[in-house]
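If you want the building blocks of each chain, they are given just below.
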Amino acid sequence: MSEAAASHATERRELTAAQRNAVAELLRVSPVADELGRRFAAAGHELHLVGGSVRDALLGRLGEDLDFCTDAHPDQTLDIVRGWAEAIWETGREFGTIGCQRDGLRLEITTFRAESYDQVTRNPVVEYGTSLTEDLRRRDFTINAMAVSLPEHRFTDPYGGLSDLAAKMVRTPGTPAESFGDDPLRMLRAARFAAQLRFAVHPDVHTAMSRMAADLDRITAERIRDEFTKLLTGADPITGLRLLVDTGLAERFLPELTGLKLEIDEHAQHKDVYEHTLTVVRNAISYEEDGPDFILRMAALMHDIGKPATKATGPDGRVSFHHHEVVGARLTKARMKALRYPKDVIAKVTTLVALHLRFYGYGRGEWTDSAVRRYVTDAGDLLPRLHKLTRSDCTTRNRRKAAQLAADYDALEERIARIAAEEDLARVRPDLDGNAIMELLGVPPGPIVGRAWKHLKDLRLERGPLDRDTAEAELLRWARDEGLRD
């Protein structure tokens, strides 16, 4: 068999497998989907399962959210689903979408659309279309431009989505320039699909992304954030990240990542800090236990972004990046704030970036029990993630050095466990509470109590648990030093 014939045979087998997946997935949702299709048919309208739902059915991963398109207008759709749906929502009505729920499935039904865009924002001027093919052409990628009619299950694929699915290729139904000009967010979605599905982007798509990267500036920070989060938590975020940097898209919303390519790794283990960073992200993923962890992955991605601003060359020619973790934490906070991430998420990622270097030096025997307590206390509930990030940051190719770092961190974790068992480090608090402080010092609630509480907590971290008499004596000594008592 020739190489070309073998390739076609392989593709046919993959398509057949995809079609079998689709049949199995559609049978699972058919009681609801087909019943809905019959209701639309009885009312004289078409109904098609469409877009991501068809793609995911072909991949054998159809979820509980189903997307449909129809020639019925929203008012007509409402008439059809009333009395049948268990719940109805109209939040997308201005875009032609009616949502409803039935038997645990969330259904969104959208009127055929033939949108036009103003080429300034990504907001479409919604115009109802008249045909399924017209509706499919407006979609972002061919793998999302397939449909299955209901209830008869007729498959429609005018732009070769099934072949692209088999080839693991991201391609647009029309020209990429036309598609991305209509909606620049689609460029970021292309990178996201590459990361989520482990697909490649078509060369024409890659070229258009590079030429039109600046158009991403038309998109709101929130929409960019959502797509980037999906990319970073995808099955293969490294592919997606490389695509963002190579096309210039990262420069539009995450320029710190591109900036890492300019810096040489001080340990000379990578041609630049950028490659080291991607390795750390990959390592962090290997430590995940319960699925994608955005906070861990984002901290791994951002942990070294302070290096360009802190780069220094010594008299011996060695490069250093002193305090880059402090600068990196500040830059991380500013970037994530610009992307409108929630404050609690920003705080967690920033804390991990700030602490990721704290471990180094432990292997030289410099850490006291006090230092271990502070490490645990400063990390708080992020300690498991900090363990993973610190281990991920070891990317040296020197096997002996890598083994020593791993052994040192094993020893630190064992020491943390021992001290935690003895002292309950998860709830390190002063040995006297606020009421006891007020009673001993004879002061009301206020700043003095807070200062005394902090002093006792620092003492607790430094010396471990104190008995009651010792704690009281230390508090009174502090009060005298502060001029609060004779």
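Look above for the structure.
Keep in mind it's a predicted model, so treat the numbers as computed, not measured.

Chemist: Can you walk me through the nonpolar core in this structure?
Modeler: Considering soluble globular proteins, one finds that nonpolar side chains tend to be buried as a cluster. Core analysis: the largest hydrophobic core is formed by 107 residues, its most contacted members being Phe-68, Phe-228, Leu-244 and Leu-301. No other element matches helix α7 (residues 185–197), which puts nine residues into this core. Other than its neighbours up to four places away in sequence, Phe-228 contacts Leu-188, Leu-241, Leu-244, Phe-253, Leu-254, Met-298, Leu-301 and Tyr-341.

Chemist: What is the right way to read the packing of aromatic side chains from this model?
Modeler: Centre distance and the angle of the planes are the two values used to describe a pair of aromatic rings. A complete count under the given rule lists three aromatic pairs for this structure. With a centroid separation of 5.8 Å and an interplanar angle of 90°, the aromatic rings of Phe-141 and Phe-193 are classed as edge-to-face. Placement of Phe-141 in the loop between α4 (132–137) and β8 (147–149) and of Phe-193 in helix α7 is noted, with a sequence separation of 52 residues between them. With a relative accessible area of 0%, Phe-141 lands in the buried category.

Chemist: Mind showing me how you'd approach the pairing of strand β1 (residues 47–50) here?
Modeler: Regular strands place their side chains on alternate faces of the sheet. The alternating pattern of β1 places Leu-47 and Leu-49 and His-48 and Val-50 on opposite faces, both of which are buried. Sheet topology places β1 next to strand β2 (residues 65–70); three bridges connect them, and they run antiparallel. Across the sheet, residue Leu-49 finds its bridge partner in β2, namely Phe-68. Judged from the three bridges that link them, β1 and β8 form a sheet pairing that is antiparallel. Bridging across to β8, Leu-49 finds its partner in Val-148.

Chemist: Just to check I follow, could you spell out the sheet that holds strand β9 (residues 155–156) for this structure?
Modeler: Hydrogen bonds between backbone groups are what pair the strands of a sheet, and the pairing can be parallel or antiparallel. Taking strand neighbours across the sheet as the criterion, the seven strands line up as β3-β4-β5-β2-β1-β8-β9 in an open arrangement whose pairing is mixed. One side of each edge strand has no neighbouring strand; the edge strands of this open sheet are β3 (87–89) and β9. Set on the sheet, helix α3 (residues 74–81) makes contact with β2, β3, β4 (97–102) and β5 (105–111); between it and β4 the angle comes to about 15°.

Chemist: What am I meant to see in helix α8 (residues 203–211) here?
Modeler: For an α-helix the count is 3.6 residues per turn, leaving residues at separations of three or four pointing the same way. Residues of α8 that are buried include every one of Val-205, Ala-208 and Met-209, and no others. Here the buried residues of α8 occupy an arc of 105° about the axis, which is enough to place them on one side. Counted as exposed and oriented over 90 degrees from the buried face of α8: Pro-203 and Arg-211. Looking at the buried side of α8, the elements it contacts are β10 (169–170), α6 (176–182), α7, β11 (200–201) and α10 (237–247).

Chemist: What should I look at first to understand unusual backbone geometry in this one?
Modeler: The general pattern is negative phi for most residues beyond glycine and trans for most peptide bonds. For the peptide bond that leads from Leu-150 to Pro-151, omega is 10°, which places it in the cis range. Within the fold, Pro-151 resides in the loop between β8 and β9.

Chemist: Explain the side chain of Arg-139 to me, please; I cannot follow it from the model alone.
Modeler: Within the secondary structure layout, Arg-139 lies in the loop between α4 and β8. With a relative accessible area of 16%, Arg-139 lands in the buried category.

About the cut-offs
Residues numbered from 1 in each chain as written. Predicted model: local features only at pLDDT ≥ 70, side-chain atom pairs only at ≥ 80, totals over all residues. Heavy atoms only, no water. Core = buried A, V, L, I, M, F, W, Y, C linked by side-chain atoms within 4.5 Å. Buried < 20%, exposed > 50% of the residue type's maximum accessible area, 1.4 Å probe, protein only. Helix = DSSP H or I, 4+ residues; strand = E, 2+ residues; numbered from the N terminus. Contact = heavy atoms within 4.5 Å. Phe/Tyr/Trp six-rings, centres within 6.5 Å; stacked < 30°, edge-to-face > 60°. Pairing = 2+ DSSP bridges. Axes fitted to C-alpha atoms, helices over the stretch in contact; angles between N-to-C directions. Arc of directions from axis to C-beta.

This is a description of form; function is not addressed.
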